[in-house]
Amino acid sequence: MPKLTPPDSVQQTLPKGLGDPPWQSWIFRLFPMFYMTALTIVLPTILTQSFVVSDLGVTQEQKLRQQLRSISIEILARGESIGSGVLLRKQDRIYTVVTNAHVIQSTKAPFQLQTHDGEVYAAALVAPPTNQNRDLSILRFRSERRAYATARLAAANPKVGERIWSAGFPADKNNGVDRAAYDTAKAAWGLEIVSGQVTQILPIAISGGYGIGFDPCIRKGMSGGPVLNRAGELVGINGLHANPLWDVPEVLENGSTVNDLLQEQIKNSSWAIPSKFIGDYIKL
């Protein structure tokens, strides 16, 4: 019997690639792999990054700025701005404001205090204690009709690298700080708010009580203004801005002379008096 052969149409080999799975099938095979990769690697990364960015969210930032505005005081002498202060205590209708001694010593009484709502109050200067030599002064005023927020003193110094927010009334309001380096906002009444990082915490304060060094973000006129941490606590008050024309401290509180390295660091930083010294002062 002759051997049967299949028709030519069956014997022909398929063109190259015609028998392979269609390209769409590879997409359906790979899609689950990409999906699982996204769930296990990419998604946790995105969530973590979002958490870091929102660690200090817009709302908290706004609250800190509002707090700085509410506790900041502009100090006036005969209607002219001479510096900044902080609302620190309320007893009945009497408010206590702390500022730098050098702000008060720059002119003569009478003094006035302007609050964030535009009210101006006559201020009484409290005689300084005889047993302290820190750059601090206290003013008091009475408010019969309006109530004001006061600062909360921090229990401890901030740490090096920690972010802080500072406020005050710069003498030259037209000469702003470097917007690329600092997060800056100005209120309509002339208050300037700046943010920086703590660069130094001195174990022995510079003469005048300055122990917290931070980015050179404050300017002349902001002396006496508040410095807050991220919790909204008062960690210090401004007092020394970077690169002053004169009066760079050369002595520590224990009487020892500042070495050249520290002298350069003092010159290139802004400085605040720690909250502990402020608390000790108002108790005297």
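See above for the structure.
Computed from a predicted structure; not experimentally measured.

What counts and how
- Residues numbered from 1 in each chain as written.
- Predicted model: local features only at pLDDT ≥ 70, side-chain atom pairs only at ≥ 80, totals over all residues.
- Heavy atoms only, no water.
- Phe/Tyr/Trp six-rings, centres within 6.5 Å; stacked < 30°, edge-to-face > 60°.
- Helix = DSSP H or I, 4+ residues; strand = E, 2+ residues; numbered from the N terminus.
- Buried < 20%, exposed > 50% of the residue type's maximum accessible area, 1.4 Å probe, protein only.
- Lys NZ or Arg CZ within 6 Å of the ring centre and 35° of its normal.
- Arc of directions from axis to C-beta.
- Contact = heavy atoms within 4.5 Å.
- Pairing = 2+ DSSP bridges.

A. Structural view of the packing of aromatic side chains. Applying the stated criterion across every chain yields a total of five aromatic pairs. An angle of 85° between the planes, with centres 6.0 Å apart, marks the rings of Tyr-121 and Tyr-148 as edge-to-face. Linking Tyr-121 in strand E5 (residues 120-126) with Tyr-148 in the loop between strand E6 (137-142) and strand E7 (163-168), this pair joins segments that are 27 residues apart in sequence. Exposure class is identical for Tyr-121 and Tyr-148. Each is buried. In this structure, Arg-134 packs its charged tip against the face of Phe-277, placed 3.6 Å from the ring centre.

B. Structural context of helix H5 (residues 260-267). Looking only at H5, the buried set comprises Leu-262, Gln-263 and Ile-266. For H5, the arc enclosing every buried residue in end-on projection is 105°, short of the 170-degree limit, so these residues lie on one face. H5 presents Asp-260 and Leu-261 as exposed residues on the side facing more than 90 degrees away from its buried surface. Residues of H5 that are buried in the fold lie against strand E9 (192-206) and strand E13 (270-274).

C. Region of interest: the environment of Asn-133. Within the secondary structure layout, Asn-133 lies in the loop between E5 and E6. Distance in space between the C-alpha atoms of Asn-133 and Gly-208 is 6.4 Å, their sequence separation being 75 residues.

D. Quick look at the pairing of E13. Burial within E13 is extensive, with five of its five residues counted as buried. Pairing of strand E10 (residues 210-214) with E13 involves three bridges; the strand directions are antiparallel. By the bridge assignment for E13, Ile-212 is matched with Ala-272. Both strand E12 (residues 234-240) and E13 contribute to a ladder of four bridges, which runs antiparallel.

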